[in-house]
Amino acid sequence: MKFAFFDVKPYDKASFDKFNGKSGLEFKYFESHLTEDTVDLAKDCTGVCVFVNDTVNKTVIDRLYKMGVKMIALRCAGYNNVDIKNCYGKLHVFHVPAYSPYAVAEHAMAMLLTSIRRIHKAYIRTRDFNFSLNNLTGFDLHGKTAGIIGTGKIGKVFINICKGFGMRVIAYDKFPSPDCGAEYVPLEKLFAESDIISLHCPLTEETKHIINSDSISKMKKGVVIVNTSRGALINAEDLLQGIKERKIGAACLDVYEEEADVFFQDFSGHIVSDDVLARLISMPNVIVTSHQAFLTEEALNNIAETTVSNILDFNKNGWCENELCYRCGSIEKCKKDRQQKCF
Ligand code: NAI
């Protein structure tokens, strides 16, 4: 079974290479994203292996199907970049639902602490032998209120971390879970009472721009917004405006709505044409990491192992635990028995 890997970085290769050439698997690595222009690289392949910023729209799906490609193995959890509906009846889609919720939740806290204790500023100062403390005053997390939107695997770990810091934790989730460890409140109350808001819900039509000028107007002055989920949860222009108006105290962004053309690449010698991103990065109270939250050794190993076992399970049994099933109405939790697949 030949698989075309798109958007491959050296760390992907390192974690997947141990499976290459074994159990009948052969991997072809490509640095380019999967797009309408690059889809033909998957010629003669059984499947494609894609990541968060690959484009898997109707045109790409139809082209893959025409070429005889049978599987799309996502080496990530989120699948908002895949038109699952259009895959139905054509391609089987698998994802890696959990590889390390700790990696992402810990990164969210790392960004939060860096931001509110001005570690990013202090690091640069002391490297230049500037030991002044002026303008480095932070605030305690202890006793503050953290508002968590989305209390799934990552949200729950982040709730625990916040509780470890002695914070009051409130949460909102469209589908509350009995063991989330925080008090569920309506979204309006979460906006009004949180000192820190951390986003851990998926990107859907409902959650797109959940942080916008209207929701920002309902927040506390000085609120810190942390986004390690998906960029389009935040309207970046509204966020920028909120920062300029001093309403938002800080923003920690591991994801950005228009990240696809920028993140994961080295633009250090270039002029970045995205003015909103450039302005955000120029702010002293904004920290941007390049969709890095998942990047731990544990997560990379789990991603490779689960992706490979998804492919092998499907090949052996004709079904796979982590198949995304549009037909059943609930994409991740097939209402049918997993073994009676929809197609
Ligand atoms: P999960 O599926 O375990 O949890 C998502 C939670 O969001 C669920 O409890 C769900 O009920 C809730 N939710 C769904 N619709 C909602 C809505 N309209 N409003 C509020 N809550 C809603 O997912 P997990 O593993 O916790 O991941 C969360 C997100 O983190 C993923 O969707 C993905 O976008 C992002 N992610 C980012 C990574 C990074 O490197 N920055 C790595 C992995 C995931």
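Computed from a predicted model, the values in this text were never measured in an experiment.

Procedures and definitions
- Residues numbered from 1 in each chain as written.
- Predicted model: local features only at pLDDT ≥ 70, side-chain atom pairs only at ≥ 80, totals over all residues.
- Heavy atoms only, no water.
- Axes fitted to C-alpha atoms, helices over the stretch in contact; angles between N-to-C directions.
- Helix = DSSP H or I, 4+ residues; strand = E, 2+ residues; numbered from the N terminus.
- Left-handed = near helix turned anticlockwise from the far one by under 90°.
- Contact = heavy atoms within 4.5 Å.
- Nonpolar A, V, L, I, M, F, W, Y, C, P; charged D, E, K, R; others polar.
- Pairing = 2+ DSSP bridges.
- Right-handed = clockwise from strand over helix to strand, strands pointing away.
- Domains from an automatic or database assignment.
- Buried area = accessible area lost by both parts, 1.4 Å probe.
- Salt bridge = Lys/Arg side-chain N within 4 Å of Asp/Glu carboxyl O.
- Polar contact = N/O pair within 3.5 Å; in protein donor to acceptor, adjacent residues only side chain to side chain.
- Buried < 20%, exposed > 50% of the residue type's maximum accessible area, 1.4 Å probe, protein only.
- 1 Å grid on protein atoms, 1.4 Å probe; cavity = no way out; pocket = protein on both sides within 12 Å on 5 of 7 lines; lining within 4 Å.
- Points joined across faces, edges and corners; volume = space filled by probe spheres on them.
- Parallel < 35°, antiparallel > 145°, perpendicular 65-115°, else oblique.
- Near = heavy atom within 4 Å.
- Areas by Shrake-Rupley, 256 points an atom, 1.4 Å probe, with all protein chains shown as cover.
- Phe/Tyr/Trp six-rings, centres within 6.5 Å; stacked < 30°, edge-to-face > 60°.

K.L.:
Lay out the packing of helix α9 (residues 236-244) against helix α10 (residues 275-282) with the relevant residues and their values.
P.N.:
Where α9 contacts α10, the axes come no closer than 10 Å and their chain directions differ by 35°. Read as a crossing pair, α9 and α10 show a hand that is left-handed. Contacts between α9 and α10 pair A236, E237, L239, L240, I243 and K244 from the former with V276, R279 and L280 from the latter. Of the residues contributing to the contact of α9 with α10, the split by class is 6 nonpolar, no polar and 3 charged.

K.L.:
Run through the pairing of strand β7 (residues 168-172), naming residues and quoting values.
P.N.:
Two faces belong to every sheet, and in a regular strand the side chains alternate between them. Pairing of strand β6 (residues 145-149) with β7 involves 5 bridges; the strand directions are parallel. Looking across to β7, one finds that I149 is bridged to Y172. Crossover β6 to β7 through helix α6 (residues 153-164) is right-handed. Direction of pairing for β7 relative to strand β8 (residues 183-184): parallel, over a ladder of 2 bridges. The residue of β8 that forms the bridge with I170 is E183.

K.L.:
So what about the domain arrangement of the chain? Which residues, and what values?
P.N.:
When its domains are assigned, the chain resolves into domain 1 (2-99 + 297-338) and domain 2 (101-288). When residues of domain 1 are sorted by the area they lose upon contact with domain 2, K9, N53 and N80 head the list and together hold 43% of the total. The interface formed by domain 1 and domain 2 holds 0 salt bridges in total. Counting every contact that joins domain 1 to domain 2 gives 2 residue pairs in polar contact (both at pLDDT 80 or more). A per-class count over the side of domain 1 that touches domain 2 returns 7 nonpolar, 4 polar and 1 charged.

K.L.:
Outline the pairing of strand β4 (residues 71-74), listing residues and values.
P.N.:
Judged by which residues are buried, β4 turns out to be covered on both faces: M71 and A73 on one side and I72 and L74 on the other are all buried. By the bridge criterion, 4 bridges tie strand β3 (residues 47-50) to β4 in an arrangement that is parallel. Bridging across to β4, G47 finds its partner in M71. Taking the sense of rotation as the criterion, the β-α-β connection linking β3, helix α2 (residues 58-67) and β4 turns out right-handed. Relative to strand β5 (residues 92-94), β4 runs parallel, the two sharing 3 bridges. Paired with I72 across the two strands is V93, which belongs to β5.

K.L.:
Any chance you could break down the layout of surface pockets for me, citing the residues and the numbers?
P.N.:
Looking at the second largest pocket, its volume works out to about 580 Å³. Surrounding the second largest pocket, 26 residues form its lining, N53, E257, E258, E259 and A260 being those nearest its centre. A per-class count over the lining of the second largest pocket returns 10 nonpolar, 8 polar and 8 charged. Each of domain 1 (2-99 + 297-338) and domain 2 (101-288) gives at least three residues to the lining of the second largest pocket.

K.L.:
Please give an account of the packing of helix α4 (residues 101-116) against α6 that cites residues and values.
P.N.:
Two packed helices can be described by the angle between their axes and the distance between those axes. Their axes nearest at 8 Å, the elements α4 and α6 cross at an angle of 45°. Between α4 and α6, the angle is such that the two are oblique. Helix-helix and strand crossings are classified by hand; for α4 and α6 the assignment is right-handed. In this structure, α4 contributes P101, Y102, V104, A105, E106, A108, M109 and L112 to the contact, and α6 contributes K153, I154, V157, F158, I161 and C162. When the residues that make up the contact of α4 with α6 are grouped by side-chain class, the tally is 12 nonpolar, no polar and 2 charged.

K.L.:
Could you give me a rundown of the sheet that holds strand β2 (residues 26-29), with the residues and numbers involved?
P.N.:
The 5 strands are arranged β2-β1-β3-β4-β5 in an open sheet whose pairing can be described as parallel. Both outer strands of the open sheet, β2 and β5, are each paired with one neighbouring strand and no more. Mean inter-strand twist for the sheet, computed between neighbouring axes without regard to direction, equals 20°. Judged from the 3 bridges that link them, strand β1 (residues 2-5) and β3 form a sheet pairing that is parallel.

K.L.:
Which residues make up the site of the ligand, and what values do they have?
P.N.:
Neighbouring the ligand are 22 residues, the closest being Y99, K153, I154, D173 and T228. One of the backbone nitrogen or oxygen atoms of T228 is found 2.9 Å away from a nitrogen atom of the ligand. For the ligand, whose accessible area on its own is 860 Å², the fraction buried by protein is 88%. Counted by class, the shell around the ligand contains 9 nonpolar, 8 polar and 5 charged residues.

K.L.:
Could you give me a rundown of the sheet that holds strand β12 (residues 286-288), with the residues and numbers involved?
P.N.:
Ordered in space as β8-β7-β6-β9-β10-β11-β12, the 7 strands form an open sheet in which the pairing is parallel. Sheet topology places β8 and β12 at the edges, where each strand pairs with a single neighbour. Where strand β10 (residues 223-227) and strand β11 (residues 248-253) come together, 5 bridges link them in parallel fashion. Bridge pairing in β11 places V223 opposite I248.

K.L.:
Which residues make up the packing of aromatic side chains, and what values go with them?
P.N.:
Applying the stated rule across the entire model yields 10 aromatic pairs. For the ring pair F94 and F314, a centre distance of 5.2 Å and an interplane angle of 45° mean the geometry is tilted. In this pair, F94 sits in strand β5 while F314 sits in helix α11 (residues 297-317), placing the two residues 220 residues apart along the sequence. Put simply, the rings of F5, F16, F27 and Y29 touch in pairs and so form one group of aromatic residues.

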